[in-house]
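Per-entry structural report
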Amino acid sequence: MALFFFLIFESPPKVRLVRGPHRCEGRVEVERNGEWGTVCDDGWNLKDVEVVCRELGCGAAKGTPSGNLYKPLADEKQKIFIQDVNCNGTEDELIECDRVEDVFDCSHSEDAGAICEKSPPKVRLVRGPHRCEGRVEVERNGEWGTVCDNGWNMKDVEVVCRELGCGAAKGTPSRNLYKPLADEKQKIFIQDVNCNGTEDELIECDRVEDVFDCSHSEDAGAICERTVRLVDGPGRCKGRLEVKHQKQWGTVCKAGWNLSAAKVVCRQLGCGKATLIKRCCNKDTQGQGLIWLSNVSCSGQEEDLQHCLSGLEGYNNCTHDEDTWVECEDPFKLRLVNGDTSCSGRLEVLHKGIWGSVCDDGWAKKEEQVVCQQLGCGKPIFVPAKARKKFVPGDGHIWLDDVHCKGEEQSLEQCQHRSWGYHDCNHKEDVVVFCLEGQPDI
């Protein structure tokens, strides 16, 4: 049987935003005959920005900043192609708008800028230690699928890292490093990805979209450098906050810092929830050198600190007495104990460094499904009550109660539950879980 493969080539937009924090913000440039030029801001307004955002596939138009906000300014040799742009806001491309193409009276200090909401990335990394490392998945029509590693290389990873707002590409890890492997029912969407490394999104790269000859043991992985870290603390989830900018690490000023911003940092690092923010209390824990950020303002929902509003990098009047200190809970962990294998037994979760049990109020198959998947133990199986009763009840803390999952969560922590330590149970109600790979002899 003949197999047919289709390479996807998409016409690139004739506009781009440069020197901003992400591809949906920056100085506006337009392309003409293979050359990029700027746009004079005479008459530039939010309706023009709406069209730019739409053409780039970004979110809503948010602002019309001066183009000279984005340093360095355009080279004096770069041309200014258009001015007096007049869009009604409904056009699909900037080239459809009225404009003047002969520019005589503008300089690069008058270049137009644009701020659009950053659209959610169409790629993600799963099962890694943090959001910037893991198995590569891409989204299509609301469904997530994996990427075959045929032809996968560092240039492809560079694009993934850029799209996710992570740091530099660091590796193309082993195809089955991230356990558990993707479910056999999950589709493999693309293979033979061929990026030149400069694209902003993986969807811009050449690729084959009809995959016939790959299995999930060949799923592609990616490792990107993290741009946030906590240092000089008792562990990786507690310490002085530092961010990486222009290849250098620097601290973050406490001015404007709050719990919402700390939540973003903890999530970005793959740690548990934010528990404490404070200033460094002595010179031993203060930073040295650059202070990159101040007046950071987050909603708490951002996936990356760089998606929060802040002052310009390096422009502040802070001292290291005001360095930000953040403490997060350790990463969520669970285990099955006293079973024949690590895939069967009484369920325990780790909280504040102490293992405790989970009450079975409301516990059902969907909850077990999340546990088995998180442990890389396959699917839950039914086991008679007689086999479950052989497990000795736990002692000490009962950490969770009234746990409710949809069955699609990657971690039990993402399921709804009562506050840690609040319950109306005793240890006779401890949850016991059996997964396919840990079925006891019964």
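Please read all numbers here as calculations on a predicted model, not as lab measurements.

Comments concerning helix α2 (residues 154-164)
- Turning to α2, its buried residues are D156, V157, V159, V160, C161, E163 and L164.
- Near the N-terminus of α2, the side chain that reaches the backbone nitrogen of K155, with its oxygen 3.1 Å away, is that of N153.
- Looking one or two residues past α2, G165 carries a phi angle of roughly 70°, positive in sign.

Observations concerning the UniProt feature "domain: SRCR" (unreviewed entry) in the protein
- Residues annotated in UniProt with the feature "domain: SRCR" (unreviewed entry) correspond here to residues 15-117, 123-225, 228-329 and 334-436.
- The distance from the first to the last C-alpha atom of residues 15-117 is 16 Å, and the span holds 11% helix and 33% strand.
- Helix and strand shares over residues 334-436 are 14% and 22% respectively, and the end C-alpha atoms of the span are 17 Å apart.

Quick word on the pairing of strand β22 (residues 344-351)
- Of all eight residues that make up β22, eight are buried, and the element is covered over most of its length.
- Two elements, β22 and strand β23 (residues 354-358), share four bridges in a ladder whose sense is antiparallel. Counterpart to E348 in the pairing with β23 is S357.
- Linking two consecutive strands that pair antiparallel, namely β22 and β23, is a turn of two residues; a positive phi of about 55° is found at K352 within it.

A look at the packing of aromatic side chains
- A full pass over the atoms with the stated rule returns two aromatic pairs.
- Taking 6.3 Å as the distance between ring centres and 75° as the angle between the ring planes, the aromatic pair formed by W399 and W420 counts as edge-to-face. A residue pair is termed long-range when its members are at least 10 positions apart, and W399 in strand β24 (residues 398-400) and W420 in the loop between β24 and β25 (432-434) qualify at 21 residues.
- What makes W399 buried here is its relative accessible area of 7%.
- Taking the relative accessible area as the measure of exposure, W420 reaches 16% and is therefore buried.

Let's talk about the state of the cysteines
- Summed over all chains, the structure comprises 16 disulfides.
- Here C148 connects covalently by a disulfide to C214, the sulfurs 1.6 Å from one another. Separated by 66 residues along the polypeptide, C148 in the loop between β10 (143-147) and α2 and C214 in the loop between β13 (206-208) and β14 (221-224) bring together distant segments of the chain. Each member of the pair, C148 together with C214, is buried.
- Two residues, C298 and C308, share a disulfide whose sulfurs are 2.1 Å apart. Sign of the S-S torsion, about 110° for the bond between C298 and C308, identifies this disulfide as right-handed. In this pair, C298 sits in the loop between β19 (291-293) and β20 (324-328) while C308 sits in the loop between β19 and β20, placing the two residues ten residues apart along the sequence.
- A relative accessible area of 9% means that C308 is categorised as buried.

Observations concerning the environment of G128
- With respect to the helices, strands and loops of the structure, G128 is situated in the loop between β8 (123-126) and β9 (133-140).
- Excluding anything up to four places from it in sequence, G128 contacts E133, G134 and Y178.

Some points on the pattern of salt bridges
- Following the criterion strictly, the structure yields 22 salt bridges and no others.
- The partner of E209 in a salt bridge is R207, with the nearest N and O atoms 3.0 Å apart.
- For R207, a relative accessible area of 4% translates into the label buried.
- Across the pair D401 and R418 runs a salt bridge, and its minimum N-O distance is 3.3 Å. Within this pair, whereas D401 is found in the loop between β24 and β25, its partner R418 is found in the loop between β24 and β25, the two being separated by 17 residues in sequence.

Some points on the domain arrangement of the protein
- Domain annotation for the protein reports domain 1 (15-116), domain 2 (123-224), domain 3 (228-329) and domain 4 (333-434).
- In this structure, domain 1 and domain 2 have C-alpha centres spaced 32 Å apart.

Rules and cut-offs
- Residues numbered from 1 in each chain as written.
- Predicted model: local features only at pLDDT ≥ 70, side-chain atom pairs only at ≥ 80, totals over all residues.
- Heavy atoms only, no water.
- Buried < 20%, exposed > 50% of the residue type's maximum accessible area, 1.4 Å probe, protein only.
- Helix = DSSP H or I, 4+ residues; strand = E, 2+ residues; numbered from the N terminus.
- Polar contact = N/O pair within 3.5 Å; in protein donor to acceptor, adjacent residues only side chain to side chain.
- UniProt positions renumbered as here; feature names shortened; annotations may be inferred.
- Pairing = 2+ DSSP bridges.
- Phe/Tyr/Trp six-rings, centres within 6.5 Å; stacked < 30°, edge-to-face > 60°.
- Disulfide = S-S within 2.5 Å.
- Contact = heavy atoms within 4.5 Å.
- Salt bridge = Lys/Arg side-chain N within 4 Å of Asp/Glu carboxyl O.
- Domains from an automatic or database assignment.

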